[in-house]
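Okay, here's what each chain looks like letter by letter:
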Amino acid sequence: MNDSAKAKRILGSWDAFVLLALVAVAIVGALTIDGVASPRFWRFVTLEAIPIALIALPMTLVVITGEIDLSVASVLGLSCTVMGQMWVWGVTSLPTLIAICLLLGAALGAVNGLFITGFGLPSLAVTIGTLALYRGLAYVVLGDRAVADYPQTWTAAAIKPIPGTTIPWVILVVAVLAVVFAIVLHATPVGRGLYAMGNNAEAARFAGVKVRLTKFWLFVITGAMSALAGVFWTLRFASARADNGTGLELAVVAAVLLGGVSIFGGRGGLLGVLAAVALLGVLRNGLQLADVPANALTVITGSLLIASVVGPNVVRMLRERLRRRRTTASPIAPTS
Amino acid sequence: MRTRIRAVAAIAALALATAGCAEDTTTTPGATTGTGEIKSGLKVAFLPKQVNNPYFTTSDNGGKSAVEEFKGTYSETGPSEASPSAQVSYINTLSQQKTDVIVVSANDKDAICGALNEARQAGAKVVTFDSDTKPSCRDLFINQATAEGIAKIQIKLIADAIGADGGEIAILSATANATNQNAWIEMMKTELAKPEYAKLKLVDTVYGDDQDQKSFTETQALLAKHPNLKGIISPTTVGVAAAARYLSGSTYKGKVQLTGLGTPNQMRAYVKDGTVKAFALWNPADLGYLAAYAGGALASGLITGKEGEKFKAGKLGEFTVGKDATVLLGDPFTFNASNIEQFNF
């Protein structure tokens, strides 16, 4: 493949489209809405995007394998309440609390993974079940209480900006994790295996990919990452509550799908997903600044979700039709 | 609220203002010029627990009329679901829009603190109403009612409904360990000990757990157990509506009196059919109105939130800042057949 073809492929990709949309929305927003150009706006957008990005990283991998995890926000909520309860019981070391939460998240993810890979149940059904179950357990742990007396040093540290900027430093943690996930997905045999099992699990198994084992660990990792997002959530809002993060799974799934990951599995990448997380954040906060009422925002987010499922599929269909026409015209043309 | 507390460290302007309005607190106020008036052009934003909630629509409309009186710019914004994190995002937006006054009903007393303080550093004044935050995160809290005020009005309403002969009464509460309910019940007992209520006898307290079905069956059981019962007080919106539904479909209708804390929309039918003569709650429109005036006074530098400071709140008159930067709206509002049509929440 020559350079211009490669360039055309990158430019024509959904990833590039989402990135361009992000840049366009940011520029138009900065020009038309008072406040979007300010550093504080980007600080707030980043703070809001961090938990979504943390969960979207493993979710991307899960959806690429053709599965889904809808229990992530409930895992976040349950880990928040357990962190709160542990603090009440006198666990005062932050590393210990984080370790407990991550282990809990991993265990909750393992339960999902076990039902899905061990019993061969559909992930949609299992994780809708655990969505309700884990949220219920969160209410068992804390009821309608809120644990909020964390030391100021912790809560301040969670939202501390990178020196010289307004951007919270936790975004660097997200960036490092994003690089790790991107390398695994895009540059290792494991990553290629994920795409393979998303396209055709049967064929992947015959090709030697450990489908069940890989999926099991993906759910474990998703649980742990959701719990990590829960730790951040608790410290950012200085409040552990059973209803923390309710509905966040929709924001995550919306970003993953808008980012170009096919809901049927086998297609998509992390760049598009991260761009989509940012795009949705900028759009929401920007429209809020422009005094668009909450009801209209919900309609817009819903429409974007539908568009993100339909959009990439339509683009792919059109491209395939175009290619078929071209192949019939010149049978020796290279397929991309 | 209207108790005369000696003004502490009164600013000259404030002293002038209070002296100036001492003889007249009922006329429509607002835009008259002079020292100690609320600045015009203030941006006042109401941030309820959630939008699309009739209670907050009523309170925010009260705020709107106040903001219009002092010639400010009113806006209402907020999440469609009552979650603290969604509220934080709206607080951030308001602080970026350089709003002068944020009037908020908190979904969580701690979780929105950081965002509120950031908004205050950016120059906004924060007034909480209906549901408070930690005192360190806001400039003033507008309290809708005190336990004492609620207890007083409940006993008065049931005594009026039953009439001079008195008789046995019972309480249908929420849960057995609800702090506010128990405080009110204690206060009601104190109130009942007064000589004017000597003919009322509290015979039972039952708990409907703020569940409609349970409150309904508890009412049923209460009437079976106490054949001479003359009245029921249910200081919870769920309980009073369930009890009213039971009474209105039974032979006790009109014979056993009922009052409590309820909302007009839930109670309208029972007031009209004669099951309930009167019930109480605060008037959310007044609550929003007072909150807007308090915010206007803060943003104009007339008050700072110190105990003893006084400010004028339009048609509601003069208010004094109490302990912990709290302002009390006043006695609960009584709803009856003559006024219930004016309310929709």
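Here the structure is a predicted model, which is why all the values come from computation and not from measurement. (Residues numbered from 1 in each chain as written. Chains lettered and ligands numbered in written order. Predicted model: local features only at pLDDT ≥ 70, side-chain atom pairs only at ≥ 80, totals over all residues. Heavy atoms only, no water.)

## Re the pairing of strand β3 (residues 101–104) of chain B
Residues and elements named next belong to chain B. Taking every second residue as pointing to the same face, both faces of β3 are buried, with Val 101 and Val 103 on one and Ile 102 and Val 104 on the other. In the sheet, β3 pairs with strand β4 (residues 125–129) via four bridges, with the strands oriented parallel. Of the residues in β4, the one forming a bridge with Val 101 is Lys 125. Read as a crossover between parallel neighbours, the route from β3 over helix α4 (residues 113–121) to β4 is right-handed. (Buried < 20%, exposed > 50% of the residue type's maximum accessible area, 1.4 Å probe, protein only. Helix = DSSP H or I, 4+ residues; strand = E, 2+ residues; numbered from the N terminus. Pairing = 2+ DSSP bridges. Right-handed = clockwise from strand over helix to strand, strands pointing away.)

## Describing helix α12 (residues 248–258) of chain A
Count 3.6 residues to each turn of an α-helix, and residues three or four apart come out pointing the same way. Residues and elements named next belong to chain A. Across the 11 residues of α12, nine count as buried, placing the element largely inside the fold. Restricting attention to buried positions, one finds in α12 the residues Leu 248, Glu 249, Val 252, Val 253, Ala 254, Ala 255, Val 256, Leu 257 and Leu 258. Looking one or two places after α12, you find Gly 260, whose phi comes out positive at around 100 degrees.

## So, the state of the cysteines
The tally for this structure, following the rule as stated, stands at one disulfide over all chains. One disulfide bridge connects Cys 113 of chain B with Cys 137 of chain B, the sulfur atoms lying 1.9 Å from each other. Between Cys 113 of chain B and Cys 137 of chain B the sulfur-sulfur dihedral comes to about 80 degrees; the bridge is accordingly right-handed. Separated by 24 residues along the polypeptide, Cys 113 of chain B in helix α4 and Cys 137 of chain B in the loop between β4 and β5 (140–143) bring together distant segments of the chain. Taken as a pair, Cys 113 of chain B and Cys 137 of chain B share a single burial class, namely buried. Considering cysteine sulfurs only, Cys 101 of chain A is the nearest to Cys 80 of chain A, which forms no disulfide, with 7.6 Å between them. (Disulfide = S-S within 2.5 Å.)

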